[in-house]
Amino acid sequence: MSEIAIHLENLSHRFGSQVLFQNLSLQIEANKITVILGRSGSGKSTLLQIINGLIVPDEGSVQLFGQPLDYRNIHQARLNIGYAVQQVGLFPHLRVIDNIMLPGKLAGWNSEKKKKRAAELMELVSLPSSHSEKFPYQLSGGEQQRVGLCRAILLNPPLMLLDEPFSSLDPDTKAEIHQEVLKLQRTEPRCIVMVTHDPEEAQKLGDVQLKFENGQLTPTI
Ligand SMILES: Nc1ncnc2c1ncn2[C@@H]1O[C@H](COP(=O)(O)OP(=O)(O)OP(=O)(O)O)[C@@H](O)[C@H]1O
Ligand SMILES: [Mg+2]
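**Some points on the domain arrangement of the protein**
Phase 1: Domain assignment breaks the protein into domain 1 (1-80 + 157-221) and domain 2 (94-156).
Phase 2: When each unit is reduced to the centre of its C-alpha atoms, the spacing between domain 1 and domain 2 is 23 Å.
Phase 3: The set of elements that each furnish at least two residues to the side of domain 1 that touches domain 2 consists of β7 (159-163) and α6 (171-187).
Phase 4: The element that contributes the greatest number of residues to the side of domain 1 that touches domain 2 is α6, accounting for 4 residues.
Phase 5: Taken together, the residues of the side of domain 1 that touches domain 2 sort by class into 7 nonpolar, 2 polar and 3 charged.

**Description of helix α4 (residues 111-124)**
Phase 1: Its 14 residues give α4 an end-to-end C-alpha distance of 20 Å, which sits within 8% of 20 Å, the value for a rise of 1.5 Å per residue.
Phase 2: Every buried residue of α4 is accounted for by Lys-114, Arg-117, Ala-118, Leu-121 and Met-122. All buried residues of α4 fall inside an arc of 135° around its axis, so they share one side. Away from its buried face, by an angle of more than 90 degrees, α4 presents the exposed residues Glu-112, Lys-116, Glu-120 and Glu-123.
Phase 3: On its buried face, α4 is in contact with α3 (96-106) and α5 (141-153).
Phase 4: Taken from the residues just after α4, Ser-126 is the one with a positive phi, measuring 55°.

**A word on the sheet that holds strand β6 (residues 81-84)**
Whenever strands of a sheet pair, they do so through backbone hydrogen bonds, lying parallel or antiparallel.
Phase 1: Taken in spatial order, the 6 strands of this open sheet run β6-β7-β8-β3-β9-β10, and their pairing is mixed. Only two strands of the sheet have a single neighbouring strand rather than two, namely β6 and β10 (216-219). This sheet shows a mean twist of 20° between the axes of neighbouring strands, independent of strand direction.
Phase 2: As defined by bridge partners, β7 adjoins strand β8 (residues 191-195) across 5 bridges and the pair is classed as parallel.

**Examining unusual backbone geometry**
Excluding glycine, a negative phi dihedral is what most residues carry, and trans is how most peptide bonds are arranged.
Phase 1: In this structure, Phe-65 takes a positive phi of about 50° despite not being glycine.
Phase 2: Looking at the secondary structure, you find Phe-65 in the loop between β4 (59-64) and β5 (67-68).
Phase 3: C-beta crowding within 10 Å serves as the criterion here: with 14 such atoms nearby, Phe-65 is assigned to the partly exposed category.

**A short note on helix α1 (residues 44-51)**
Phase 1: Three or more residues of α1 are buried, namely Lys-44, Leu-47, Leu-48, Ile-50 and Ile-51. All buried residues of α1 lie within an arc of 160° about the axis, which places them on one face of the element.
Phase 2: The inward-facing, buried residues of α1 contact β1 (4-15), β3 (33-38), β4, β7, β8 and β9 (208-213).
Phase 3: Once α1 finishes, Gly-53 follows within two positions and takes phi at roughly 80°, a positive value.

**A closer look at the sheet that holds β4**
Phase 1: If you trace the 4 strands from one edge of the open sheet to the other, you get β2-β1-β4-β5, paired in antiparallel fashion. For this open sheet the edge positions go to β2 (18-29) and β5, each flanked by a neighbour on one side alone.
Phase 2: In the sheet, β1 pairs with β4 via 5 bridges, with the strands oriented antiparallel. Across the sheet, residue Leu-8 finds its bridge partner in β4, namely Val-62.
Phase 3: Strand contacts of α1: β1, β2 and β4, with the helix running at about 120° to β1, the strand carrying the most contacts.

**Considering the site of ligand 1**
Phase 1: Taken together, Phe-15, Leu-20, Gly-38, Ser-40, Gly-41, Ser-42, Gly-43, Lys-44, Ser-45, Thr-46 and Gln-86 make up the full set of residues adjacent to ligand 1.
Phase 2: Broken down by element, the residue count for the shell around ligand 1 peaks at 3 residues, all from α1.

**Things to note about the environment of Ile-4**
Phase 1: You can see Ile-4 is positioned in strand β1.
Phase 2: Along the primary structure Ile-4 and Gln-27 are separated by 23 residues, whereas in three dimensions their C-alpha atoms are 6.4 Å apart.
Phase 3: Filtering out sequence-adjacent residues up to four positions away, Ile-4 remains in contact with Gln-27, Glu-29 and Ala-30.

**Overview of the environment of Phe-91**
Phase 1: Structurally, Phe-91 can be placed in the loop between β6 and α3.
Phase 2: Here Phe-91 falls in the exposed class, since 12 other C-beta atoms lie within 10 Å of it.
Phase 3: Sequence-wise, Phe-91 and Ile-50 are 41 residues apart; in three dimensions their C-alpha atoms are separated by 22 Å.

Basis of the calculations
- Residues numbered from 1 in each chain as written.
- Chains lettered and ligands numbered in written order.
- Predicted model: local features only at pLDDT ≥ 70, side-chain atom pairs only at ≥ 80, totals over all residues.
- Domains from an automatic or database assignment.
- Helix = DSSP H or I, 4+ residues; strand = E, 2+ residues; numbered from the N terminus.
- Nonpolar A, V, L, I, M, F, W, Y, C, P; charged D, E, K, R; others polar.
- Expected span 1.5 Å × (residues − 1).
- Buried ≥ 20, exposed ≤ 12 C-beta atoms within 10 Å, placed from the backbone.
- Arc of directions from axis to C-beta.
- Contact = placed C-beta atoms within 7 Å.
- Pairing = 2+ DSSP bridges.
- Axes fitted to C-alpha atoms, helices over the stretch in contact; angles between N-to-C directions.
- Near = placed C-beta within 6 Å.

Here it is, written out as structure tokens:
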């Protein structure tokens, strides 16, 4: 068995009377892309937030790389997790470049290092460098999504949680980014957990495909 990056044990969570999971246990392998499919409202985004420590489950535990998630020191744990949220979640008052470099600031990187890495990533996802100085509202939806992606991977984290990261991209840009993701994964393999509604995307990128149904995640391949 290869290394396990995420170990969820007996997770249960509900919102009011709505039960999302009950006794959900799951292991997600390091160095693989695990894709999560499932109906709207099934609990995919909630699960990513639980893995990221943003939501504390009612019951059960989360271990990342063999360590229980330390909720008292969650900011430190999050430096190892790149998280692209479904709603993109850029800070409206920060310029594009500052949004991308933000995790670098939290990690204490110097200005040179942050700028170099941000420029490299903007190029990777085909964002023109002239967008750096703009504010998020001045970008299209798909461009904002790519900025969110750059921010998620800035620190090159060993774990990436991507919540429908490519959903607002046109087919050509999407196909290009898929190739980049696969290339990145070949050269620097890591644990990527990606939520998508696109079966073709799941097929193309996923080493493992899981379907979220009735509070359980079951492999589809
Ligand atoms: N903070 C919250 N308070 C109450 N209910 C919530 C909260 N967050 C999510 N829910 C409910 O939990 C369910 C699962 O939400 P979640 O966002 O995890 O779904 P999802 O699978 O990501 O859906 P989608 O594919 O539409 O993004 C939904 O029915 C939602 O209304
Ligand atoms: Mg969601």
